[in-house]
Amino acid sequence: MTAVDEIIARLDARQTCDTGLTLDPWAFDNPQSRNSYGPGASITDSVPRSAPRQGLLPELYRHSTDDELRERISSAKATLGSSLLILGHYYQRDEIIEHADFVGDSFQLAKNATERPDAEHIVFCGVHFMAETADILSTPEQSVTLPNLSAGCSMADMADINQVEDCWEQLLEACGSGAAADGRAPIVPVTYMNSSAALKAFCGRHGGIVCTSSNARAVLEWSFARGQRVLFFPDQHLGRNTAAAMGLDVDRMPVWNPYKPMGGGSPATYRQAQMILWKGFCSVHQRFTVEQIEGARAAFPGVTVIVHPECSMEVVNAADGTGSTAYIVKRIEQAPAGSAIAVGTEINLVNRLAAEHPDKTIFCLDPVVCPCSTMYRIHPAYLAWSLDRLLEGEVVNRITVDGATAEQAKIALERMLRVHP
Ligand code: 13P
Ligand code: SF4
């Protein structure tokens, strides 16, 4: 079989990366199985012991048909009216997206969470760090629910506050803690939105800022105006790709490995660095390869390749465009009819875009279907359950960030919103 035949055959076959994905998510709600994110791309990453776990969903919801769940959700939504706001990330399954009041990327949804202070309850169909951010940015009177508590993010879990505090102390020792002659601090910490509230608070405390994939460049420009170096966590790829596109020297971007003494480098390496990148990654986006891009170009001459900046630098360099999920959606909407576009991002979004644009050939770069294993945890059964409980006056799976953490995290989030409204 030639390479072209092979890619077409695999696209047709639509193999999945894990047979567990044919099961419903409640098959994995076992509090005993603490060390796996469940089926899918991040199955080999281990869940921190402190991560919240979902208890067993009541039988009624586990045994309802798709139509019954749809009906329950619609009816609860109609009764709760304007007291309810449902937010849905682009990577959610279609059966969730159809109920969302706002659908967007993590940046848009963080803003949407501030736009309806009249809504008593925000139900966040996304992952844990997004619900925490919504809690920080919404009013204290509003509750935020994550329908399935196991919907975390393996990348966000790759940096915890103790590791970052240790790293910071060692870096200040290596680089000095005083400002330069031009007033710039030795290091500015920048956290990707995909991080715990504690890391956002760390950035708030230390003159740092939050970024998302929609605004990483503007945030880095802000940071370099205030610091000689940036410590960027947890996603090394977004940090490297953005800084390289700004013209920074890739050789001056050492990676900090929290499991090695001094991050695996020497003090001199960090002193000479422009960016210090945390050794974190997204298991979904790191599946994409240059070989897949070459295969797509061979199978579909003239294809446009667009990828998310959580992909490796080699993949980003081999693609025709890179940007956040909102950017990907926009590029596809703006492409002329008849275009072929290969996309390097989560499969639910790619499949939805393909269905919405039947006049264009849109396909995922990776012919093996592999959704984000934690976004997949939000199934309509959990949404129906959490809305039914709200109807009964009970807020389940409430995500709350303690006052001091929220206050400091908000400083870093508001800096981001000022840099890129
Ligand atoms: P954006 O929503 O910022 O594009 O990020 C993608 C992602 O991985 C969300 O977890
Ligand atoms: Fe986390 Fe990657 Fe899933 Fe986004 S796609 S929630 S970064 S694991």
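The rules behind these values
Residues numbered from 1 in each chain as written. Chains lettered and ligands numbered in written order. Predicted model: local features only at pLDDT ≥ 70, side-chain atom pairs only at ≥ 80, totals over all residues. Helix = DSSP H or I, 4+ residues; strand = E, 2+ residues; numbered from the N terminus. Rg over C-alpha atoms; globule rule 2.2 N^0.38 Å. Near = placed C-beta within 6 Å. Nonpolar A, V, L, I, M, F, W, Y, C, P; charged D, E, K, R; others polar. Buried ≥ 20, exposed ≤ 12 C-beta atoms within 10 Å, placed from the backbone. Contact = placed C-beta atoms within 7 Å. Domains from an automatic or database assignment. Pairing = 2+ DSSP bridges. Axes fitted to C-alpha atoms, helices over the stretch in contact; angles between N-to-C directions. Parallel < 35°, antiparallel > 145°, perpendicular 65-115°, else oblique. Expected span 1.5 Å × (residues − 1). Arc of directions from axis to C-beta. Core = buried A, V, L, I, M, F, W, Y, C linked by C-beta atoms within 7 Å.

What follows deals with the overall build of the protein. Scanning the protein from terminus to terminus reveals 17 helices and 13 strands. Since a compact globule built from 421 residues should have a radius of gyration of about 22 Å, the 21 Å found for the protein is in line with a globular shape. With the C-alpha coordinates aligned to their principal axes, the bounding extent of the protein is approximately 65 × 60 × 40 Å.

A separate point is the site of ligand 1. Taken together, Asp105, Ser106, Phe107, Cys153, Asn194, Thr212, Ser213, Cys282, Glu310, Ser324 and Thr325 make up the full set of residues near ligand 1. Considered class by class, the residues forming the shell around ligand 1 number three nonpolar, six polar and two charged.

With that settled, consider the environment of Asp388. Position of Asp388 relative to the elements: it lies in helix H16 (residues 380-391). Accessibility expressed as a C-beta count within 10 Å gives 18 for Asp388, which makes it partly exposed. Spatially, the C-alpha atoms of Asp388 and Cys167 are 45 Å apart, while their sequence positions differ by 221 residues. In this structure, Asp388 is in contact with Arg72 and Ala76, ignoring residues within four places of it in sequence.

Here the focus is the domain arrangement of the protein. Each domain of the protein was delimited in the assignment, giving domain 1 (18-154 + 375-401), domain 2 (159-282) and domain 3 (285-364). At the interface, twelve residues of domain 2 touch twelve residues of domain 3. Looking at the side of domain 2 that touches domain 3, its residues break down into four nonpolar, six polar and two charged.

When you tally the buried positions in strand E3 (residues 121-125), you get four out of five residues, the bulk of the element. The pairing of strand E1 (residues 84-89) with E3 spans five bridges and is parallel. Bridging from a neighbouring strand, Leu87 pairs with Phe124 of E3. Both E3 and strand E4 (residues 143-145) contribute to a ladder of three bridges, which runs parallel. Bridged to His121 within E4 is Ser143.

Moving on, we come to the packing of helix H6 (residues 128-137) against helix H17 (residues 403-419). Relative orientation and spacing of two packed helices are given, respectively, by the angle between their axes and the distance between those axes. Two elements in contact, H6 and H17, have axes whose closest approach is 9 Å; the angle formed by their N-to-C orientations is 95°. Our classification of the angle between H6 and H17 gives roughly perpendicular. Mapping the contact onto sequence places Thr133, Ile136 and Leu137 in H6 and Ala406, Ala409, Lys410 and Leu413 in H17. Of the residues belonging to the contact of H6 with H17, the class tally is five nonpolar, one polar and one charged.

With that settled, consider helix H3 (residues 66-80). Relative to the 21 Å expected for 15 residues at 1.5 Å per residue, H3 spans 21 Å between its end C-alpha atoms, a close match to the ideal helical length. Leu69, Arg72, Ile73 and Ala76 are the residues of H3 that are buried. The arc that holds every buried residue of H3, seen down its axis, measures 95°, which confines them to one face. When the buried face of H3 is taken as reference, the exposed residues oriented beyond 90 degrees from it are Asp67 and Ala78. Gly81 sits one or two positions beyond H3 and adopts a positive phi of about 50°.

Quick look at the nonpolar core now. In this structure, Leu87, Phe124 and Ala134 are the most contacted members of the largest nonpolar core, which totals 124 residues. For this core, the element with the highest residue contribution is H16, accounting for seven residues. Here Phe124 is in contact with Leu87, Met130, Ala131, Ala134, Val144, Thr145 and Leu146, once residues within four sequence places are set aside.

The parallel open sheet is built from four strands, whose spatial order is E2-E1-E3-E4. If you trace the sheet from one side to the other, it starts and ends with strand E2 (102-104) and E4, each paired once. Sheet twist, expressed as the average angle between the axes of neighbouring strands with direction ignored, equals 20°. Along the sheet face, H6 touches E1, E3 and E4 and points at about 155° away from the line of E3.

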